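What the coordinates show
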Amino acid sequence: LLPENGSAGNSAAGAVVASPEMYVGSAKQKNLASPETGHNGTRHFSIPARLAMNRFALSGVWEISDKYAQLASAHGELQLHFKAGKLHMVASSEQPIPLEIVVDGKLQPTVTVQTSRLYTLFDSDDYREHSLTLRIPQAGLQIYTFTFG
């Protein structure tokens, strides 16, 4: 049952995840907000001034393939606007890459990507809208998808 105001609120019991799974590779990519095309190939990406809900944008030089986007420049960034309490990313790298994660302007614990697996980037009971900035300090990170909980 909903409270009198009709809102599910932000508690875990009444939480509503409003962000769909987002694919970064070109085959199923629907949520890219960068002005550059998300088709296969290597190109420089930029982040728009405003990021709409359930959209992500890339910054730096990225190689886009059917299944993932791989950072090709010495450093890059990804921004994501989502509505969920938990944010996970399927990613891989041949060498360890420590990621700087900022959600709503607050630094989160560093996540180091190496093996191909699911990584938790944000874990809270706050199911409101959030903005993620993912700073990547070196080339080689492959991002496949984002999932929410």
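Just so you know, these numbers come straight off a predicted model, no measurement behind them.

About the thresholds
Residues numbered from 1 in each chain as written. Predicted model: local features only at pLDDT ≥ 70, side-chain atom pairs only at ≥ 80, totals over all residues. Heavy atoms only, no water. Helix = DSSP H or I, 4+ residues; strand = E, 2+ residues; numbered from the N terminus. Buried < 20%, exposed > 50% of the residue type's maximum accessible area, 1.4 Å probe, protein only. Contact = heavy atoms within 4.5 Å. Areas by Shrake-Rupley, 256 points an atom, 1.4 Å probe, with all protein chains shown as cover. Phe/Tyr/Trp six-rings, centres within 6.5 Å; stacked < 30°, edge-to-face > 60°. Pairing = 2+ DSSP bridges. Salt bridge = Lys/Arg side-chain N within 4 Å of Asp/Glu carboxyl O.

What to know about the overall build of the protein chain
- For the protein chain, the helix and strand inventory stands at zero helices and twelve strands.
- Shown N-terminal to C-terminal, the secondary structure of the protein chain runs as helices and strands in the order β-β-β-β-β-β-β-β-β-β-β-β.
- Structurally, the protein chain occupies a C-alpha span of about 50 × 30 × 25 Å along its principal axes.
- The buried share of the protein chain, taken over its 149 residues, is 41%.
- At a minimum sequence separation of 6, the contacts of the protein chain that also span at least 24 residues come to 67%.
- Carbon and sulfur atoms form 49% of the exposed surface of the protein chain, whose accessible area is close to 7700 Å².

Here's the deal with the packing of aromatic side chains
- All chains considered together, the criterion is met by three aromatic pairs.
- By the ring-pair criterion, three or more aromatic residues cluster together here, those being Phe82, Phe122 and Phe148.

Points about the pairing of strand S3 (residues 55-64)
- Here strand S2 (residues 41-45) runs beside S3; their pairing, made up of five bridges, is antiparallel. Its bridge partner lying in S3, Phe45 is registered against Gly60.
- In terms of strand pairing, S3 meets strand S4 (residues 69-71) through three bridges, oriented antiparallel. Residue Ile64 lies in a different strand from S4, and its bridge partner there is Ala69.

Section: the pairing of strand S5 (residues 76-83)
- Burial analysis of S5 places six of its eight residues in the buried class, which makes it a mostly covered element.
- When S3 meets S5, the two strands line up antiparallel, connected through five bridges. Residue pairing across strands places Ala57 opposite Gln79, the latter belonging to S5.
- Two strands pair when backbone bridges link them, and S5 and strand S11 (residues 129-136) are joined in this way by eight bridges, in the antiparallel orientation. In the strand pairing of S11, Glu77 is matched with Arg135.

Some words on the pattern of salt bridges
- Scanning all chains against the criterion turns up five salt bridges.
- One salt bridge connects Arg128 with Asp126, and the closest N-O pair in it is separated by 2.8 Å.
- Classification of Arg128 by relative accessible area gives partly exposed; the value is 47%.

Quick notes on unusual backbone geometry
- In this structure, Asn54 takes a positive phi of about 60° despite not being glycine.
- Tracing the backbone through its elements, the reader meets Asn54 in the loop between S2 and S3.
- The class for Asn54 is buried, based on a relative accessible area of 15%.
- Positive phi is not limited to glycine here, since Asp104 has a value of about 55°.
- Relative to the elements of secondary structure, Asp104 occurs in the loop between strand S7 (97-103) and strand S8 (106-107).
- On the basis of relative accessible area, Asp104 is assigned to the partly exposed category, the value being 38%.

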